[in-house]
Amino acid sequence: MRLDVVSIFPEYLAPLDLSLIGKARRDGLLDLRVHDLRDFAHDRHRSVDDTPYGGGAGMVMKPQPWAEALAHVAGSGGEGAPEGALEGGAEGARPRLIVPGPGGVPFTQALARELAVEPWLAFACGRYEGIDERVYEYAAQDLGLEVSVVSLGDYVLNGGEVAVLAMVEAVARLLPGVIGNAESLVEESHEDGLLEYPVYTKPSSWESAPGVTRDVPSVLMSGDHARIAAWRHQQRLERTATRRPDLLHASQAAPGAPVEGALAAFDVAVASPADAPELLTLGRACWVTEGRANGSFDIPPLVESLQDVVDGLSQWQTWTVRSAGRLVGSVRGRRDPQDPSTWQVGRLMVAPDLQGRGLGRALLAHVEAAAPSDTTTCWINTGRGSERNLRTYRKAGYRAVPGEGAYPGTVDLTKKRRRASVDQG
Ligand code: JCQ
C-alpha cells in the first residue's frame with residue numbers, strides 16, 4: 001500500500017519509522033512518503049496561512065500551496081513505487097484523500113477496514129482554523145480524488161498529524177503481513193460491537209503490597225472452557241454497558257446497516273477471525289447443494305482452507321447471523337478492487353434447516369445497506385445452475401450480466417444502487 005502525508009511538520013510523522021509500522025516499511029509492504037507543505041509555498045517566507053475572509057479568530061491555510069502539494073502527490077503514481085506497492089496499476093492511479101478534522105465522519109474500525117483495501121491513500125494535515133474550502137473542491141474536481149474528511153473523535157487537536165499517526169496505524173496493521181501473527185487480530189474490541197474482556201497473566205496470586213495479594217478470577221484457572229467463555233462474554237457485556245452504552249444499540253452492532261425484519265430474531269454481528277472455523281463449516285454445508293446443482297464441487301467455498309477464510313475477513317466486511325450462539329448465516333461485501341464504484345457481495349449463506357424464511361433476502365439487504373455511499377453498483381455471482389439463488393437475486397432487483405461470470409460455469413448479476421448521500425464533510 002502506498003501512503004503520502006502532507007504536513008508543515010513532517011518530523012511529526014517520525015514515529016512511523018518505529019515498531020511494526022517501521023518494519024512494514026522496511027519490508028516493502030508500506031511505501032510511506034512524507035511531504036513538507038512549505039516546499040510548495042514560493043514566497044520569501046514560505047507562508048502557508050492568511051487571515052480569514054469574513055473575519056474571525058485565527059488563520060486559514062492558503063489554497064495555492066495545498067493545490068500544488070496535492071497535484072504533486074496525485075501526479076506521482078508512476079514513479080519510484082517498489083514492485084507491487086501500488087497494486088492499482090501505476091499510471092492512471094489516484095490516491096484517496098483523507099483530511100483529518102473535527103468536522104469529519106467518524107474514524108471507526110469499519111472505515112479502517114475500508115481504507116485498508118485501497119491501494120493508495122493520501123493524508124492532508126491541516127492546522128490553524130482549517131484549509132481554504134476551495135482546496136477540497138480542487139482535489140475532487142480537478143485532481144479527481146475521492147476526498148473524505150475524517151474525525152478521530154469529538155475533541156480538537158492543533159493539527160492533523162496526530163490523527164494521521166492513529167489512522168495509519170489502525171489501517172496498516174490490517175494489511176496482510178504487517179502483524180506477523182494473524183491470531184493477534186482475533187477477538188478484538190470493536191470488531192463485533194462489544195468491548196474486550198479483562199485479561200490476566202502470571203502470577204496467579206500477585207502480592208501488590210506487603211501482605212496484600214490480588215488473585216486472578218478462579219474461573220480462569222478452572223480449565224472449564226465453556227465456563228470461561230461464558231464468564232468472558234458476561235464481562236464484555238458488563239463493560240460495554242458501563243463504559244460504552246452507545247454500543248449496545250442494535251444499529252451500532254453492525255455499522256451502517258439496519259437489521260431487516262427477518263433478521264430481527266437473530267444476533268447479527270461483524271465477523272472476527274474467531275468466527276472463521278464456523279464460517280468454513282457453514283460454507284461447506286451450504287455450498288454442497290450448489291456443487292450438486294452445478295455439477296462441480298470445485299468451487300471456492302468448498303475447497304478453501306481455514307486460512308483462506310481468515311484472509312477473507314481482512315479483505316471483506318463480513319457479518320455473522322447467530323441463533324442462541326449457533327452460526328446460521330453469513331454474508332460479506334467489499335469495494336471491488338478493480339472497480340471502486342462497485343460493491344461486491346459474496347458468501348451469502350443460510351444454514352440449510354433455516355432456508356426459505358427470507359433470511360437470505362434479509363442478509364442481502366443488510367450487506368447492500370452497508371455499501372459505501374459512493375458505490376453505484378452492487379455485484380453478486382452464482383452458479384448457472386443455482387436456480388434458487390438466481391430467483392432470490394432477481395427478486396431483489398439483480399439482473400444477469402450477459403456472458404460468463406467471474407468463475408467458469410457462473411453468472412454475474414448486478415443492480416444499480418440508489419444514491420443515498422455523499423460522505424464528505
Ligand atoms: C481530528 N478529531 C479532531 C485541526 C484544522 C483540516 O483542518 C484542521 C485539522 C485539524 C486536526 O484534526 C483534528 C481532529 N479528529 O483536530 C485544525
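Reading the values: rules and limits
- Residues numbered from 1 in each chain as written.
- Predicted model: local features only at pLDDT ≥ 70, side-chain atom pairs only at ≥ 80, totals over all residues.
- Heavy atoms only, no water.
- Pairing = 2+ DSSP bridges.
- Helix = DSSP H or I, 4+ residues; strand = E, 2+ residues; numbered from the N terminus.
- Contact = heavy atoms within 4.5 Å.
- Axes fitted to C-alpha atoms, helices over the stretch in contact; angles between N-to-C directions.
- UniProt positions renumbered as here; feature names shortened; annotations may be inferred.
- Buried < 20%, exposed > 50% of the residue type's maximum accessible area, 1.4 Å probe, protein only.
- Parallel < 35°, antiparallel > 145°, perpendicular 65-115°, else oblique.
- Left-handed = near helix turned anticlockwise from the far one by under 90°.
- Nonpolar A, V, L, I, M, F, W, Y, C, P; charged D, E, K, R; others polar.
- Arc of directions from axis to C-beta.
- Salt bridge = Lys/Arg side-chain N within 4 Å of Asp/Glu carboxyl O.

Side note on the sheet that holds strand β12 (residues 326–336)
Taken together, 7 strands build an open sheet; the order of strands is β10-β11-β12-β13-β14-β16-β15 and the sheet is mixed. Of all strands in the sheet, those with a lone pairing partner are β10 (267–270) and β15 (399–400), marking the two edges. Packed on one face of the sheet, helix α8 (residues 276–294) meets β11 (317–323), β12, β13 (339–350) and β14 (377–383) and runs near 90° to β13.

Details of the UniProt feature "binding site: S-adenosyl-L-methionine" (unreviewed entry) in the protein
UniProt's entry tags Gly 126, Leu 152, Gly 153, Asp 154, Tyr 155, Val 156 and Leu 157 with the feature "binding site: S-adenosyl-L-methionine" (unreviewed entry), counted in the numbering of this structure. Position of Leu 152 relative to the elements: it lies in the loop between β7 (147–151) and α5 (161–172). Once residues within four sequence positions are removed from consideration, Leu 152 is found in contact with Phe 107, Ala 163, Ala 166 and Met 167. Turning to its location among the elements, Gly 153 is positioned in the loop between β7 and α5. The exposure class of Gly 153 is buried, given its relative accessible area of 16%.

A closer look at the environment of Pro 63
By secondary structure assignment, the location of Pro 63 is in helix α2 (residues 63–74). Note on Pro 63: relative accessible area 28%, which makes it partly exposed. Sequence-wise, Pro 63 and Glu 133 are 70 residues apart; in three dimensions their C-alpha atoms are separated by 8.1 Å. Look past the residues within four positions of Pro 63 in its chain and what remains in contact with it is Asp 132, Arg 134 and Val 135.

A look at the packing of α8 against helix α10 (residues 306–315)
For the pair α8 and α10, interaxial distance at closest approach is 9 Å and the crossing angle is 110°. Relative to α10, α8 is oriented roughly perpendicular. Pair α8 / α10 crosses with right-handed handedness. Each of Ala 276, Pro 277, Leu 279 and Leu 280 in α8 lies in contact with α10, whose residues at this interface are Leu 306, Val 309, Val 310 and Leu 313. In terms of residue class, the contact of α8 with α10 is made up of 8 nonpolar, no polar and no charged.

Observations regarding helix α1 (residues 19–26)
Here α1 has its buried residues at Ile 21, Gly 22 and Ala 24. In an axial view of α1, the angular spread of the buried residues amounts to 160°, which keeps them on one side of the axis. In α1, those exposed residues whose orientation departs by more than 90 degrees from the buried face are Ser 19 and Arg 26. Taken together, the buried residues of α1 touch α5. Gly 28 occupies a position one or two residues after α1 and carries a positive phi of about 80°.

Re the pattern of salt bridges
Pairs may arise between side chains of opposite charge once their charged atoms sit close together. Applying the stated rule across the entire model yields 20 salt bridges. A salt bridge links Asp 275 to Arg 322; the shortest N-O distance between them is 2.7 Å. A residue pair is termed long-range when its members are at least 10 positions apart, and Asp 275 in the loop between β10 and α8 and Arg 322 in strand β11 qualify at 47 residues. The exposure class assigned to Arg 322 is buried, which follows from its relative accessible area of 16%. In this structure, the salt-bridge partner of Lys 415 is Glu 368, at a minimum N-O distance of 3.2 Å. With Lys 415 in strand β16 (residues 410–416) and Glu 368 in helix α11 (residues 359–369), this pair connects stretches of sequence that are 47 residues apart. Residues joined in a network through salt bridges with shared partners are Arg 96, Glu 114, Glu 118, Glu 146, Arg 335 and Asp 374.

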